[in-house]
Amino acid sequence: MTVLGSRSKKSSKLGKAMPAVTKYVVPPLVAIAVILVIWQLIFSGPDANLPGPITVLQETWDPLIIDPFFDYGGTNKGLGLQILASLGRVAIGFSLAAIVGIALGILVGISPFVYRALDPLFQVLRTVPPLAWLPLSLAALQQSDPSAIFVIFITAIWPIIINTTVGVQQIPQDYRNVAKVLRLSGPKFFWKILLPSAVPYIFTGLRIGIGLSWLAIVAAEMLTGGVGIGFFIWDAYNSSRLSEIILALVYVGIVGLILDRLVAFVASKVVPEEQKG
Amino acid sequence: MQTLNTTALKRPEVLNGDPFLVIDNVSKIYPTPTGPYTVLDGINLTVYEGEFICLIGHSGCGKSTLLDMVSGFRKPSEGEVRLQTKRITEPGPDRMVVFQNYSLLPWLSAFENVYLGIDSVYPNKPKAEKVAIANEHLAMVGLADAANKRPRELSGGMKQRVSIARALALRPKVLVLDEPFGALDPITREELQEELLKIWSDHQVTVLMITHDIDEALFLADRLVMMTNGPAANIGEIMNIPFPRPRNRARIMEDPEYYNLRNQALDFLYRRFAHADE
Ligand SMILES: Nc1ncnc2c1ncn2[C@@H]1O[C@H](COP(=O)(O)OP(=O)(O)OP(=O)(O)O)[C@@H](O)[C@H]1O
Ligand SMILES: [Mg+2]
């Protein structure tokens, strides 16, 4: 660090003049403020199609913003409860996708034969848009909740499988040679070589998977109904409560970001230090 | 066996006993898009127990291919390699390999890297004994203090020491080294050569080592195997290196014989079998 010379000196000077808060928090705040102002200006007229930010705040303040957890029965619940319901589905679908996807990915990665057999299939299936699975799963499962969960599962599983497979296939030949000459047993090879070496790739898959899950659940819920942020948005549209839609979108975005960061955080704890790029 | 011309392969008088490792009329042919490519053609070599053999030859002549057939990573297209009369078919801990790029597992500490091999080869030994073996061999290469460091915290020389400790902890019959010191600076390289010699004489392990460095070979080896150029490379000449052991680098370099041998090897490599592009 000390030998980095002028560059590091410059950046540390900059760092002193401009603390991290100023550097990373102020610019997005400014951007948001500018967007809000423009938005307000565009949609402030009496015959605007969409509400401006001030209207959104006024219309959703009570009870949606101040009480995320109200429950008036049926689907009439606070946004916190709606999001939790959606997250519950994502949790089940994504966990199943992670378990099955990692296991399948390892199998496909280990065996060239299985790879040749299944990879073309995966490459085709992964391009099917999530919602295209919904009619099929509704027909097969008959109920809306399991169908939505299945859509999450089938959406998230492809990137998990494909990345896990790559992770296993890229295990350096050197390590495989070490395993051969030491005659490592299957479980030892798995724990000491395969997993540590593939885990960064697995997490790449999980991160893509969780993002897609969240995208898919909102869409799926619009069609399946019930409690959940997706149906909340659809319901609000049908009753012309546009302000509520906008508020829900903000929440959806924030939750999506948190999910992504959560997986990244777990990865930073689990991936061996030596494997971080 | 009948094709083995053992008379040509004079072995040093200090060694006695039966052939230990026999490379018997081994050829290696790779299939390539442009047709079969013969890398090695009818190699014969008999190695005796406890010998230190160095292998030299131009890049691409097939040295790694030959040693890979001893360690079992590759199979001869013709002929066979036998260790103590048993045909070699796959890699195993009786023929431990020290790779040029160390091949340590980066997520394991130096200790764990050594321990993994011991644990795998002697699953039934009590844990305390396995730990003791690992520590003993780390100490042997002077790394007792670095036992808990990860490979990225170790210098190249230290990594190669761990790799040697990992190999020797399994008491291999043969130690196979493919340019083990090629990536190290000259000082570290000399240090490691001396350590390797000491370990070799303490363990009485049989060593096969590829090198590009004639001085390294003259310092270490009992015999220097010089290979002709590929394709269809063969053993061109085997040079006996008669310096008494334990060897002292300064002393053997004062020996006029050293320069005779050195010139002979240089002559082989750069005149009789000069590389097309050198
Ligand atoms: N799997 C393979 N398929 C086809 N050709 C190969 C294969 N492996 C090695 N070769 C060829 O065999 C020849 C010998 O390779 P080898 O690695 O044994 O040489 P080497 O003497 O160890 O060279 P170096 O000193 O550069 O390590 C080379 O020409 C190489 O291109
Ligand atoms: Mg080589």
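The rules behind the values
- Residues numbered from 1 in each chain as written.
- Chains lettered and ligands numbered in written order.
- Predicted model: local features only at pLDDT ≥ 70, side-chain atom pairs only at ≥ 80, totals over all residues.
- Heavy atoms only, no water.
- UniProt positions renumbered as here; feature names shortened; annotations may be inferred.
- Helix = DSSP H or I, 4+ residues; strand = E, 2+ residues; numbered from the N terminus.
- Rg over C-alpha atoms; globule rule 2.2 N^0.38 Å.
- Contact = heavy atoms within 4.5 Å.
- Areas by Shrake-Rupley, 256 points an atom, 1.4 Å probe, with all protein chains shown as cover.
- Lys, Arg positive; Asp, Glu negative; His and termini not counted.
- Charge placed at Lys NZ, Arg CZ, Asp CG, Glu CD.
- Pairing = 2+ DSSP bridges.
- Salt bridge = Lys/Arg side-chain N within 4 Å of Asp/Glu carboxyl O.
- Buried < 20%, exposed > 50% of the residue type's maximum accessible area, 1.4 Å probe, protein only.
- Domains from an automatic or database assignment.
- Axes fitted to C-alpha atoms, helices over the stretch in contact; angles between N-to-C directions.

- An unreviewed UniProt entry lists chain B under the name ATP-binding cassette domain-containing protein, with Gloeocapsopsis crepidinum LEGE 06123 as the source organism.
- In the Subcellular location (unreviewed entry) part of its UniProt record, chain B is described as follows: "Cell inner membrane".
- Quoted straight from UniProt, the Sequence similarities (unreviewed entry) entry for chain B says "Belongs to the ABC transporter superfamily. Nitrate/nitrite/cyanate uptake transporter (NitT) (TC 3.A.1.16) family."

- An unreviewed UniProt entry annotates chain A as Nitrate ABC transporter permease originating from Gloeocapsopsis crepidinum LEGE 06123.

1. Digging into the overall build of chain B
Working step 1: The number of helices and strands found in chain B is eight helices and 10 strands.
Working step 2: The C-alpha radius of gyration of chain B comes to 19 Å, within 12% of the 19 Å expected for a compact globule of 278 residues.
Working step 3: For the C-alpha atoms alone, the extent of chain B along its principal axes is close to 50 × 45 × 40 Å.
Working step 4: Taking as baseline every contact in chain B between residues at least 6 positions apart, the subset at least 24 positions apart corresponds to 69%.
Working step 5: Surface accessibility of chain B: about 12,300 Å² in total, with carbon and sulfur atoms responsible for 49%.
Working step 6: Within chain B, one finds 31 positive and 36 negative side-chain charges whose respective centroids are separated by 4 Å.

2. What about the UniProt feature "domain: ABC transmembrane type-1" (unreviewed entry) in chain A?
Working step 1: Residues given the UniProt feature "domain: ABC transmembrane type-1" (unreviewed entry) here are residues 83-263 of chain A.
Working step 2: For residues 83-263 of chain A, the end-to-end C-alpha separation is 18 Å, with 86% helix and 0% strand making up the annotated structure.

3. Considerations on the pairing of strand E1 (residues 19-32) of chain B
All names here are of chain B.
Working step 1: Here 10 bridges tie E1 to strand E2 (residues 35-48), and the two strands are oriented antiparallel to one another. Note that in E2 the partner of Ile 23 across the bridge is Leu 45.
Working step 2: Two successive antiparallel strands, E1 and E2, enclose a turn made up of two residues.
Working step 3: With five bridges joining them, E1 and strand E4 (residues 78-83) adopt antiparallel strand pairing. The residue of E4 that forms the bridge with Ile 23 is Val 81.

4. What about the pattern of salt bridges?
Working step 1: Enumeration according to the criterion identifies 27 salt bridges over all chains in this entry.
Working step 2: With a shortest N-O distance of 3.4 Å, Lys 77 of chain A and Asp 71 of chain A are connected by a salt bridge.
Working step 3: Assessed through its relative accessible area of 46%, Asp 71 of chain A is described here as partly exposed.
Working step 4: The salt bridge partner of Arg 272 of chain B is Glu 237 of chain B, with a shortest N-O separation of 2.9 Å.

5. Focus on the domain arrangement of chain A
Working step 1: Segmentation of chain A into domains returns domain 1 (2-43) and domain 2 (79-275).
Working step 2: One C-alpha centre belongs to domain 1 of chain A, the other to domain 2 of chain A, and the line joining them spans 34 Å.

6. So, the sheet that holds strand E6 (residues 95-98) of chain B
Residues and elements named next belong to chain B.
Working step 1: The strand order across the open sheet formed by six strands is E6-E7-E8-E3-E9-E10, and the pairing between neighbours is mixed. Sheet topology places E6 and strand E10 (235-240) at the edges, where each strand pairs with a single neighbour. Here the strands of the sheet are splayed against their neighbours by 20° on average, with no regard to which way each runs.
Working step 2: In this sheet, strand E8 (residues 206-210) lies alongside strand E3 (residues 52-56) in parallel orientation, the contact comprising four bridges. Residue pairing for E8: Phe 52 is matched across the bridge by Val 207.
Working step 3: In the packing of helix H4 (residues 156-168) onto the sheet, contacts are made with E6 and strand E7 (174-178), and the angle to E6 comes to roughly 175°.
Working step 4: Its contacts with the sheet place helix H5 (residues 186-203) against E3, E7 and E8, and it is angled at close to 140° to E3.

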